Amino acid sequence: RTGEGTGVILFGKNSPDLASVRALTTSVQRAAGGRAIVATDQEGGDIRSLAFAAPAASQGVQSSPDAAAATAREAAQGLRAAGVNVNLAPVADVAASNGSVVAGRAFPGDSTAVARATAAAVRAYGRERIAATAKHFPGLGGATANTDDASVTVSTPRADLLATAIPPFRAAIRAGAPLVMSSHALYPAFDRGRIASQSSELLDGLLRKRLGYRGVVVTDSLEAQAVLDRSDVATAAQRSIEGGSDLILMTGSGSFNQVQPKLLARARRDAAFRAKVTRAADRVLALKRRLGLG
């Protein structure tokens with residue numbers, strides 16, 4: 001009610017049925033003056049927060065751009081009916097092997113096939129007025145563990161990452177993706193010290209300067225174990241802003257009370273950090289305007 005947050009994320013426990021979710025999102029928008037981002041994870045398959053809504057099938061069985069577009073269109077319609085305006089999908093990762101942590105969640109095929117399907121999904125979401133999120137930049141397909149559960153290092157050489165992991169994100173950007181989610185893995189080929197969500201080399205250098213991305217960079221969940229192994233959530237939020245993230249995704253009930261005061265205090269005393277916060281806020285406000293949120 002005080003305007004300190006920019007939106008909410010919905011989980012399965014918030015989403016028993018369409019009527020309940022619609023009542024909840026209506027209440028959120030009323031409190032936010034109609035300006036709230038309402039996001040959820042609706043990839044399909046096991047990653048589907050709104051169990052009553054499409055898609056039931058995962059991305060792993062969407063074997064063509066047409067299938068990806070049709071599925072995204074159906075998902076978007078269900079999300080819009082529930083009052084959701086941002087989907088934390090599609091997965092733009094290329095599964096490197098059957099042991100990849102995103103095997104079954106990613107579109108099938110090689111980098112070219114995944115790029116085409118990702119672009120088709122992004123465009124379909126856009127036509128249905130739902131903001132899509134290409135994830136997990138710069139690619140989590142080479143990982144065998146989930147960053148939610150453990151620290152992860154993707155040791156793929158730089159040339160291989162650029163050739164195989166990056167094309168789907170480039171395709172998503174060209175298709176107009178309004179959000180890109182950063183990974184919490186470490187990519188030594190680009191940055192030996194900072195995970196992707198906190199790396200200026202990856203976010204400002206590769207994503208913005210090299211790929212020309214102008215939209216919102218959102219972190220993966222700040223409560224992921226790969227983050228907590230390095231710092232508390234408030235420190236991680238500061239590092240994420242410093243690295244080039246715009247939107248901090250918090251999934252713990254008390255995290256906002258730790259993060260918001262630390263970011264505000266840092267911005268008040270540090271002009272360079274304040275400028276980063278201002279640029280991040282400008283991008284998020286542009287996203288809200290794009291979604292008709294004021």
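None of these values were measured; they are calculated from a predicted model. (Residues numbered from 1 in each chain as written. Predicted model: local features only at pLDDT ≥ 70, side-chain atom pairs only at ≥ 80, totals over all residues. Heavy atoms only, no water.)

**Structural notes on the sheet that holds strand β8 (residues 216-219)**
Paired through their backbone hydrogen bonds, the strands of a sheet run either parallel or antiparallel. Heads up, the rule is: In this analysis, strands are considered paired if DSSP registers two or more bridges between them. The helix count covers DSSP runs of H or I at least four residues long, the strand count covers runs of E at least two residues long, and both are numbered beginning at the N terminus. Here the axes come from fitting lines to C-alpha atoms, over the contacting stretch only for helices, and the angles between their N-to-C directions go from 0 to 180 degrees.
Across the sheet, which stays open at both edges, the three strands sit in the order β6-β7-β8 with parallel pairing between neighbours. In the strand order of this sheet, the two ends are held by β6 (133-137) and β8, each with one partner. With direction set aside, neighbouring strand axes in the sheet form an average angle of 30 degrees. Two strands pair when backbone bridges link them, and strand β7 (residues 179-182) and β8 are joined in this way by four bridges, in the parallel orientation. Paired with Met 181 across the strands is Val 218, a residue of β8.

**Considerations on the environment of Ala 119**
What counts is decided by this rule: When accessible area is computed with a 1.4 Å probe and restricted to protein chains, residues below 20% of their type maximum are described as buried, those above 50% as exposed, and intermediate ones as partly exposed. Note on contacts: a residue pair is in contact if any heavy atoms of the two residues lie within 4.5 Å.
Relative to the assigned elements, Ala 119 resides in helix α3 (residues 111-127). The exposure class of Ala 119 is buried, given its relative accessible area of 7%. Ala 119 sits 29 residues away from Pro 90 along the chain, and the two C-alpha atoms are 9.3 Å apart. Sequence-distant contacts of Ala 119, defined by excluding residues within four places in its chain, comprise Ala 171 and Ala 175.

**Concerning the packing of helix α4 (residues 158-165) against helix α5 (residues 167-174)**
Put simply, the rule is: Working rule for angles: under 35 degrees goes down as roughly parallel, over 145 as roughly antiparallel, 65 to 115 as roughly perpendicular, anything else as oblique. Any residue outside Ala, Val, Leu, Ile, Met, Phe, Trp, Tyr, Cys, Pro, Asp, Glu, Lys and Arg is labelled polar, Gly included; the first ten of those are nonpolar and the last four are charged.
Running from amino to carboxyl end, α4 crosses α5 at an angle of 45 degrees, the nearest separation of the two axes being 5 Å. On the basis of their axis angle, the class for α4 and α5 is oblique. Between α4 and α5, the contacting residues are Leu 162, Ala 163, Thr 164 and Ala 165 on the first element and Pro 167, Pro 168 and Phe 169 on the second. A per-class count over the contact of α4 with α5 returns six nonpolar, one polar and no charged.

**Thoughts on the packing of helix α8 (residues 233-243) against helix α10 (residues 271-290)**
Taken N-terminus to C-terminus, the directions of α8 and α10 make an angle of 75 degrees; their axes are 9 Å apart at the nearest point. As the angle between them shows, α8 and α10 are arranged roughly perpendicular. Contact residues: Gln 238, Ile 241 and Glu 242 in α8; Phe 273, Lys 276 and Val 277 in α10.

**Notes on helix α2 (residues 65-82)**
Defined as follows: Residue count minus one, scaled by 1.5 Å, sets the expected span of a helix.
In a regular helix each residue adds 1.5 Å, so 18 residues correspond to 26 Å; α2 covers 26 Å between its end C-alpha atoms and thus fits that length. Those residues of α2 lying buried are Ala 68, Ala 69, Thr 71, Ala 72, Ala 75, Ala 76, Gly 78, Leu 79 and Ala 82. Looking at the buried side of α2, the elements it contacts are α1 (18-31), β2 (37-40), β3 (42-44), β5 (86-87) and α3. Looking one or two places after α2, you find Gly 83, whose phi comes out positive at around 90 degrees.

**A look at the packing of aromatic side chains**
The geometry of an aromatic ring pair comes down to the distance between the two centres and the angle between the two planes. Just so we agree on the cut-off: Only the six-membered ring of Trp is used, alongside the rings of Phe and Tyr, when aromatic pairs are assigned; centres must lie within 6.5 Å, and planes under 30 degrees apart are stacked while those over 60 apart are edge-to-face, with the rest tilted. Consider the ring centre and the ring normal. A charge sits over the ring if Lys NZ or Arg CZ is within 6 Å of that centre and within 35 degrees of that normal.
The full count for this structure, using the stated rule, is one aromatic pair. With 5.3 Å between their ring centres and 90 degrees between their planes, Phe 137 and Phe 169 make a pair best called edge-to-face. In this pair, Phe 137 is assigned in strand β6 and Phe 169 in helix α5, connecting sequence segments 32 residues apart. Note on Phe 137: relative accessible area 0%, which makes it buried. One residue, Arg 266, lies across the ring of Phe 273, its end atom 4.5 Å from the ring centre.

**What about the pattern of salt bridges?**
Just so we agree on the cut-off: Here, a salt bridge means any side-chain nitrogen of Lys or Arg that lies within 4 Å of a carboxyl oxygen of Asp or Glu.
Under the criterion given, the structure shown has eleven salt bridges. A salt bridge links Asp 191 to Arg 194; the shortest N-O distance between them is 3.0 Å. With a shortest N-O distance of 3.0 Å, Asp 270 and Arg 266 are connected by a salt bridge. Each of the salt bridges in this network shares a partner with another, and the network as a whole consists of Asp 41, Glu 43, Arg 105 and Lys 135.

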